[in-house]
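# Per-entry structural report
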Amino acid sequence: MACEKTILDDLLCRNHEWAQRTAETNPALFPALAVGQSPKILWFGCSDSRVPETTVLDLMPGEVFVHRNIANILPSTDLSSLSVLQYAVEVLQVQHIIVCGHYACGGVNAALGQKKLGLIDSWLRNVREVRAKYEKELEGLSQKEQSKKLVEFNVIEQVRSVLKNANVQEAIEERGLEVHGWVYDVGCGECHVLQCPEDPEAHVFMVKNPRAELE
Ligand SMILES: [Zn+2]
């Protein structure tokens, strides 16, 4: 009886073919990657399978440092994302940080609902806090519009969370590190730039602190 090919066999086969093909078209790539990495971009995105950053940005291995979790959240108590942030900013010296949310985000939609989901509810508390902060803006919108808007507000708040980080602030001041908020449309494959307002009250700036000259 012929052995049936499993999904894992298929993955390994596809990986092998990809590695061969890539080595043929770009012979310098793997030897260079074996030595080290120097990505210019740090990507904070959602774990959603529809938003694989390397694919949607049309990048090669080595071009983007990545942290993904459910609903692209950066809580100030999360050691995992904070470690990624510190390593990317201090050691890799990335030039851009992109926080990218996406429409039709299951995590964001769950935060809009009341259903009990278990452990993940503790994680989604962060998005529920964003929802509470923007309650007025979300009021009266259809469910679909609420979902879209909360995705965007969540990106804005996570960008602010990044900007509040001491390593990030220092890198903005010293070498012009830039932080960006994007949203990805799973229905068409396009990324859009979100306007992320600064928060002077919280001392949160996208660029070099304008007050720094005066201090
Ligand atoms: Zn998501």
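Note: the structure precedes this text.
Throughout what follows, the structure given in this document is the object of discussion. (Residues numbered from 1 in each chain as written. Predicted model: local features only at pLDDT ≥ 70, side-chain atom pairs only at ≥ 80, totals over all residues. Heavy atoms only, no water.)

Turning to the packing of helix H4 (residues 79-91) against helix H9 (residues 166-175), a few remarks are in order. For the pair H4 and H9, interaxial distance at closest approach is 10 Å and the crossing angle is 20°. When the axes of H4 and H9 are compared, the pair comes out roughly parallel. As for the relative orientation of H4 and H9, their crossing is left-handed in sense. Taking contact as the criterion, the partners of Leu85, Gln86, Val89 and Glu90 in H4 are, on H9, Asn167, Val168, Ala171 and Arg175. In terms of residue class, the contact of H4 with H9 is built from four nonpolar, two polar and two charged. (Axes fitted to C-alpha atoms, helices over the stretch in contact; angles between N-to-C directions. Helix = DSSP H or I, 4+ residues; strand = E, 2+ residues; numbered from the N terminus. Parallel < 35°, antiparallel > 145°, perpendicular 65-115°, else oblique. Left-handed = near helix turned anticlockwise from the far one by under 90°. Contact = heavy atoms within 4.5 Å. Nonpolar A, V, L, I, M, F, W, Y, C, P; charged D, E, K, R; others polar.)

Of note in the backbone geometry, Asp58 takes a positive phi value of approximately 55° without being a glycine. Overall, Asp58 belongs to the exposed group, its relative accessible area being 69%. The phi torsion at Asn72 lies on the positive side, around 40°, for a residue other than glycine. Positionally, Asn72 belongs in the loop between strand E2 (64-69) and H4. (Buried < 20%, exposed > 50% of the residue type's maximum accessible area, 1.4 Å probe, protein only.)

A few words now on a negative patch on the surface. Among the surface-exposed residues, Glu90, Glu170, Glu173 and Glu174 lie close enough to one another that they form a single negatively charged patch. Along the chain, the position of Glu170 falls in helix H9. (Patch = residues over 30% accessible without salt bridge, like charges linked within 9 Å, V, L, I, M, F, W, Y side chains within 5 Å. Areas by Shrake-Rupley, 256 points an atom, 1.4 Å probe, with all protein chains shown as cover. Salt bridge = Lys/Arg side-chain N within 4 Å of Asp/Glu carboxyl O. Lys, Arg positive; Asp, Glu negative; His and termini not counted. Charge placed at Lys NZ, Arg CZ, Asp CG, Glu CD.)

Attention now goes to the packing of aromatic side chains. In this description, a pair of aromatic rings is defined by centroid distance and the angle of the planes. Going through the model one piece at a time under the given rule, you end up with four aromatic pairs. With 5.8 Å between their ring centres and 35° between their planes, Phe65 and Tyr87 make a pair best called tilted. Here Tyr87 lies in helix H4 and Phe65 lies in strand E2, a separation of 22 residues in the sequence. Judged by centre distance (4.0 Å) and plane angle (5°), the ring pair of Tyr134 and Phe153 falls under stacked. (Phe/Tyr/Trp six-rings, centres within 6.5 Å; stacked < 30°, edge-to-face > 60°.)

Turning to the coordination of the zinc ion, a few remarks are in order. Each donor-metal-donor angle would ideally measure 109.5 degrees in four-coordinate tetrahedral geometry, or 90 or 180 degrees in six-coordinate octahedral geometry. Distances from the zinc ion to its protein donors, namely Cys46 (SG), His102 (NE2) and Cys105 (SG), fall within the range 2.1 to 2.3 Å. For the zinc ion, the single-chain donor residues occur in sequence as C-x55-H-x2-C. Of this pair, Cys46 sits in strand E1 (residues 41-46) while His102 sits in strand E3 (residues 96-102), and the two are 56 residues apart along the sequence. (Donors = N, O, S within 2.8 Å, 3.2 Å for Na, K, Ca; no water.)

Attention now goes to the environment of Ser38. Considering the arrangement of structural elements, one finds Ser38 in the loop between helix H2 (29-35) and E1. Residue classification places Ser38 among the exposed residues on the basis of a relative accessible area of 52%. A C-alpha to C-alpha distance of 8.2 Å links Ser38 and Gln93, two positions 55 residues apart in sequence.

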